[in-house]
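So you can see what is in the structure, the chains are spelled out below.
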Protein chains: 2
Amino acid sequence: MRLPLFIAAVALTSACQPVSTAEYDSNALARASADAHKAIDAINVRYQRFVAENMPDSVAALFMEDGVMMPPNAPAVTGRAAIRDYLANGPTPEGTTVTFTAIDVQAVGPMAVERGSYVFAMPAMGPSPAMAIHGKYLVHWRDVDGTWLQASTSWSDDAPWTPPAGP
Amino acid sequence: MRLPLFIAAVALTSACQPVSTAEYDSNALARASADAHKAIDAINVRYQRFVAENMPDSVAALFMEDGVMMPPNAPAVTGRAAIRDYLANGPTPEGTTVTFTAIDVQAVGPMAVERGSYVFAMPAMGPSPAMAIHGKYLVHWRDVDGTWLQASTSWSDDAPWTPPAGP
């Protein structure tokens, strides 16, 4: 009995490094971040399609139930239902598309942060030509039962923009 | 010898839950988040003082060496030196103060995300009365050798704002 127990104790000791070292070492964090980056890139492709196809329900479903969207020049919008309504009321002109570029994704366990840049492409409207609006964003993602969802998202344009004057 | 080893093995077994369960359970995350919230509140008090006393060096030192500040209507500002220069060039009128309110802080290991609201209080300037600008922000914090530093920060006002016309 003594040898097996001793082996068991040694095995447990070596398998059981302190969490703070085992889980948070730079290799493990880099791996987790690379995995999250890949998953988030794929979600962003869907996000872009949902915007292009004017599907506010589907965009809202990319957020947590109590997720918070933080658009510039408007108060924060809290919760999926409110986000859907906000998007359905057309904060951007119809026909707008968006392209996200995730510059940096860092993940630790069930939490990730994505920093990126965006381009909104707005169609010509009356006297206004088509235009591209560049900006940057920060997203707090949470892994909820195996799916990355947006907990909160903040963004802003790179330059001041005023809506084109009406016809 | 057998009983102590048996006790040691049992002790190790119970101390050594899988990392994914032990470290990411909701109690542990709530504790880590509460601790981070307290630490970040204290940093924000210093941040507010640095703004009020016009100390761009000290504000920049609250960021990581390669931290990214993402102000509205301006491109992202990358790195402590660039952040200091950006702030030194006076993006807000002299005498401006800021108040941060951390609404929600979530932390996992060395990473935290703070979501909050701010009020910029701008002094009267010539014909313009004093005014308060309300907005919301998202900060990605990293624990660097025991100090929480800003990795990236995005914010935007709650309403459109145009600078007052000159005299």
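Keep in mind that this is a model prediction, so the values were computed, not measured. (Residues numbered from 1 in each chain as written. Chains lettered and ligands numbered in written order. Predicted model: local features only at pLDDT ≥ 70, side-chain atom pairs only at ≥ 80, totals over all residues. Heavy atoms only, no water.)

### Quick look at unusual backbone geometry
All names here are of chain A. Quick reminder of the rule: A run of H or I in DSSP becomes a helix once it reaches four residues, and a run of E becomes a strand once it reaches two; helices and strands are each numbered from the N terminus. In this scheme, a residue with accessible area under 20% of its type's maximum is buried, one over 50% is exposed, and one in between is partly exposed, where area comes from a 1.4 Å probe on protein chains only.
A positive phi is found at N54, a non-glycine position, where the angle reads about 55 degrees. In this fold, N54 is placed in the loop between α3 (26-52) and α4 (56-60). In this structure N54 comes out as exposed when scored by relative accessible area, which is 53%. Look at D145: it is not a glycine, yet its phi comes out positive at around 50 degrees.

### A look at the packing of aromatic side chains
Here is the rule: Between 30 and 60 degrees the pair is tilted, below 30 it is stacked and above 60 it is edge-to-face, where a pair is any two Phe, Tyr or Trp rings, Trp via its six-membered ring, whose centres lie within 6.5 Å.
One pass over the full model with this rule turns up six aromatic pairs over all chains. Consider the rings of A:F100 and A:Y137, whose centres lie 5.6 Å apart with planes at 80 degrees: the pair is edge-to-face. On the criterion of sequence distance, the pair formed by A:F100 in strand β3 (residues 97-108) and A:Y137 in strand β5 (residues 131-144) is long-range, its members being 37 residues apart. Ring geometry for B:Y47 and B:F100: centres 4.8 Å apart, planes at 70 degrees, overall edge-to-face. Note that B:Y47 is positioned in helix α3 (residues 26-52) and B:F100 in strand β3 (residues 97-108), a separation of 53 residues in sequence. Both residues of the pair, B:Y47 and B:F100, count as buried. One aromatic cluster is present, formed by A:Y47, A:F100 and A:Y137 through successive ring pairs.

### A few points about the sheet that holds strand β4 (residues 111-122) of chain B
What links the strands of a sheet is backbone hydrogen bonding, and the strands pair in either a parallel or an antiparallel sense. All names here are of chain B. Threshold: At least two bridges found by DSSP between two strands is the condition for calling them paired. Contacts between residues were defined by any pair of non-hydrogen atoms, one from each residue, lying within 4.5 Å. Axis lines are fitted through C-alpha atoms, for helices just across the contact stretch, and the angle between N-to-C directions can take any value from 0 to 180 degrees.
Taken in spatial order, the six strands make up an open sheet running β2-β1-β6-β5-β4-β3, and their pairing is mixed. In this open sheet, the two edge strands, each paired with only one partner strand, are β2 (77-78) and β3. By the bridge criterion, 10 bridges tie strand β5 (residues 131-144) to strand β6 (residues 147-157) in an arrangement that is antiparallel. By the bridge assignment for β6, R142 is matched with L149. Here α3 sits on the sheet and contacts β1 (63-70), β3, β4, β5 and β6; the angle it forms with β3, its principal contact strand, is near 160 degrees.

### A few points about the environment of A:V98
Residues and elements named next belong to chain A. Relative to the helices and strands, V98 resides in strand β3. For V98, a relative accessible area of 4% translates into the label buried. Residues V98 and V68 lie 30 residues apart in sequence; the distance between their C-alpha atoms is 19 Å. Excluding residues that lie within four positions of it along the chain, V98 makes contacts with Q48, V51, Y118, V119 and F120.

### As for the environment of B:T101
Residues and elements named next belong to chain B. Looking at the secondary structure, you find T101 in strand β3. For T101, a relative accessible area of 42% translates into the label partly exposed. Considering only alpha carbons, one finds T101 and S117, 16 residues apart in sequence, at a separation of 5.3 Å. Beyond its immediate chain neighbours, meaning those up to four positions away, T101 contacts R115, G116, S117 and Y137.

### Side note on the sheet that holds strand β6 (residues 147-157) of chain A
All names here are of chain A. Taken together, six strands build an open sheet; the order of strands is β2-β1-β6-β5-β4-β3 and the sheet is mixed. Each of the sheet's edge strands pairs with one partner strand only, and the pair in question is β2 (77-78) and β3. Of the strand pairs in this sheet, strand β1 (residues 63-70) and β6 are connected by four bridges, and their pairing is parallel. Following the sheet pairing, M69 is matched in β6 by T153. The sheet strands contacting helix α5 (residues 80-88) are β1, β2 and β6, and the helix crosses β1 at an angle near 45 degrees.

### Concerning the pairing of strand β4 (residues 111-122) of chain A
All names here are of chain A. β4 sits mainly inside the fold: nine of its 12 residues count as buried. Sheet topology places β4 next to β5; 12 bridges connect them, and they run antiparallel. Bridge assignment links R115 to a residue of β5, and that residue is L138.

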